[in-house]
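Observations on the model geometry
The primary structure of each chain is shown beneath.
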Amino acid sequence: MTELLLQVDGLKKYFPINGGLLGKKQGEVKAVDDLSFFVKKGETLGIVGESGCGKSTTGRLLMRLIEASDGSIIFEDKDLRNLSKTELRKTRRDIQMVFQDPYASLNPRHSIEKILEEPLIVHGIGSKEERKKRVQEMLEIVGLSSYHARRYPHQFSGGQRQRIGIAKALMTKPKLIIADEPVSALDVSIQAQVLNLMKDIQNEFQLTYIFIAHDLGVVRHISDRVGVMYLGRLIELSDSEELYTNAMHPYTKALLSAVPIADPDISRERITITGEIPSPSNPPAGCAFHTRCSECMDICKTTRPEYKNINGHFVACHLYND
Ligand code: SF4
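Reading the values: rules and limits
- Numbering of residues starts from 1 in every chain and runs along the sequence as written.
- Owing to the predicted nature of the model, reporting of local features is limited to residues with pLDDT of at least 70; listing and counting of side-chain atom pairs is limited to 80 or more, with chain, interface and lining totals taken over all residues.
- Based on all heavy atoms of the structure, the side-chain values leave hydrogens and waters out of the count.
- Domain limits in this description derive from either an automatic procedure or a database domain assignment.
- We call two residues in contact whenever any of their non-hydrogen atoms come within 4.5 Å of each other.
- In short, buried area is how much 1.4 Å probe accessible area vanishes from two parts on joining, totalled over both.
- What makes a salt bridge here is a side-chain nitrogen of Lys or Arg within 4 Å of a carboxyl oxygen of Asp or Glu, nothing more.
- Secondary structure counts use DSSP, requiring at least four H or I residues in a row for a helix and at least two E residues in a row for a strand, with both numbered from the N terminus.
- For this classification, Asp, Glu, Lys and Arg are treated as charged, while Ala, Val, Leu, Ile, Met, Phe, Trp, Tyr, Cys and Pro are nonpolar and the rest, including Gly, are polar.
- For two strands to pair, DSSP has to find at least two bridges joining them.
- Only the stretch in contact is used when a helix axis is fitted, and all axes are lines through C-alpha atoms; the angle between N-to-C directions ranges over 0 to 180 degrees.
- One less than the residue count of a helix, multiplied by 1.5 Å, gives the span that helix is expected to have.
- Relative accessibility decides the category of a residue: with a 1.4 Å probe and only protein chains considered, values under 20% of the type maximum give buried, values over 50% give exposed, and everything between is partly exposed.
- Exposure above 30% relative accessible area and the lack of any salt bridge qualify a residue for a patch; like charges then connect within 9 Å, and the nonpolar side chains Val, Leu, Ile, Met, Phe, Trp and Tyr within 5 Å.
- To measure how exposed things are, a 1.4 Å probe is used in the Shrake-Rupley method; for residues, cover is taken only from the protein chains shown.
- Charge assignment in this entry is limited to Lys and Arg as positive and Asp and Glu as negative, and neither His nor the chain termini are counted.
- Lysine's charge is taken at NZ, arginine's at CZ, aspartate's at CG and glutamate's at CD.
- Whenever a nitrogen or oxygen atom comes within 3.5 Å of another N or O atom, the pair is scored as a polar contact, on the condition that within protein one atom can donate a hydrogen and the other can accept it, and that pairs from neighbouring residues in sequence are kept only if both atoms are in side chains.

Observations concerning the domain arrangement of the protein chain
Splitting the protein chain by domain gives domain 1 (4-20 + 27-94 + 207-320) and domain 2 (95-173). Once you take the C-alpha centre of each, domain 1 and domain 2 turn out to be 30 Å apart. The interface is formed by 12 residues belonging to domain 1 together with 10 residues belonging to domain 2. Where domain 1 abuts domain 2, roughly 990 Å² becomes buried across the two surfaces, and 64% of that area is made up of carbon and sulfur atoms. Among the residues of domain 1 in contact with domain 2, Met63, Arg89 and Arg93 are the three that bury the most area, contributing 52% of the side total. Across the contact surface, domain 1 and domain 2 share 0 salt bridges. Those elements that place two or more of their residues in the side of domain 1 that touches domain 2 are helix 1 (55-62) and helix 2 (85-91). A class-by-class count of the residues in the side of domain 1 that touches domain 2 yields 5 nonpolar, 2 polar and 5 charged.

Written out as structure tokens, the structure reads:
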């Protein structure tokens, strides 16, 4: 079996809801609730779900930008949750993040050179000359030019800014990149270019990706495996091709039915999901999707379905009890 880079077990993040006169805890939002998955070296794991399903919180938990309530995050042989601040800082060299809005993550008052060399300075990598050389190399790798180093973020288009965001993430030669909706804010024509760039640099630098998106169409061509989240939980996860041709969970089937097909000879029935996504502070009993599921049975309203491994295809749905 290919070597694992990351193994997540029972990961939870509950945010307290405080209120009343004394600001006492009134409840909690289960943003991430018992998540378990692994990521193999060199692969791309796509994580997909509607907004509020906990996918971005998961990305931040893995980076330890926020602290988990429970569970373990084993990166190589270390549990990231047990690392001291100094150890964590060292490990962050190996795990970098690409954000949805590159403009917000690039300091507008700093030149691109200053922005790109910052991670190297933080981690004490290289002399001034070496850092400058690496900035120039990296700009070329992401399809920009070395003279762009003197410019400022506002002088670039959205697509170019995301290339700079990717270059920044690559500066420390990380092993894992967590990309949180990296193309969602871009025009469709630019999305494909950025996705192709990410694929090229993955091959060149043997990178492993966790690619977070709200749209199954976007992750299809970049992901080796795809996991679908609903209300803080993974409800289905399998090889990408298997998921797109043989989705099992009614929620995944509905999401897939909304993805446009390029071939005009193939038509697919659109499955509409009715109702709003329930609040994670008060999730439905049993299967969290039962309030919106057209195949809901009595058991679904009372008993949470097990997350089962059916020949490497994971699914949490009572339709597959036997
Ligand atoms: Fe629908 Fe029941 Fe499966 Fe949930 S467990 S997805 S409600 S059939």
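The rest of the description comes next.
Here we look at the sheet that holds strand 12 (residues 313-315)
The strand order 6-7-8-3-9-10-12-11 describes an open sheet built from 8 strands, whose pairing is mixed. Of all the strands in the sheet, just strand 6 (95-98) and strand 11 (308-310) have a single pairing partner and so form its edges. Strand-to-strand twist of the sheet, defined as the mean angle between neighbouring strand axes without regard to direction, takes the value 20 degrees. As paired strands, strand 11 and strand 12 are joined by 3 bridges and run antiparallel to one another. By the bridge assignment for strand 12, Asn309 is matched with Phe314. Against the sheet, helix 1 touches strand 3 (44-48), strand 6, strand 7 (176-180), strand 8 (208-213) and strand 9 (225-230), its axis set at about 150 degrees to strand 8. Each of strand 6 and strand 7 is contacted by helix 6 (residues 158-170), which is oriented at about 175 degrees to strand 6, the strand it contacts most.

Some points on helix 6
Note on helix geometry: an α-helix contains 3.6 residues per turn, so any two residues three or four positions apart are oriented the same way. Here helix 6 spans 19 Å end to end across 13 residues, near enough to the 18 Å set by a 1.5 Å rise per residue. Of all 13 residues in helix 6, 10 are buried, a share of seventy percent or more. Among the residues of helix 6, Gly159, Arg161, Gln162, Arg163, Ile164, Gly165, Ile166, Ala167, Ala169 and Leu170 are the ones counted as buried.

Remarks on a positive patch on the surface
A contiguous patch of positive charge on the surface is contributed by Lys128, Lys132, Arg150 and Arg151. Mapping Lys128 onto the fold places it in helix 5 (residues 128-141).

Some words on the environment of Glu130
By the element assignment, Glu130 lies in helix 5. Put simply, Glu130 and Glu117 are 13 residues apart on the chain and 9.9 Å apart in space, counted from C-alpha to C-alpha. Only 2.7 Å separates the side chain of Glu130 from the backbone nitrogen of Ser127, close enough to count as a polar contact.

As for the sheet that holds strand 1 (residues 4-19)
Across the sheet, which stays open at both edges, the 4 strands sit in the order 2-1-4-5 with antiparallel pairing between neighbours. This sheet does not close on itself; its edge strands, each paired only once, are strand 2 (24-40) and strand 5 (78-79). Bridging between strand 1 and strand 2 involves 13 bridges; their strand directions are antiparallel. Counterpart to Val8 in the pairing with strand 2 is Phe37.

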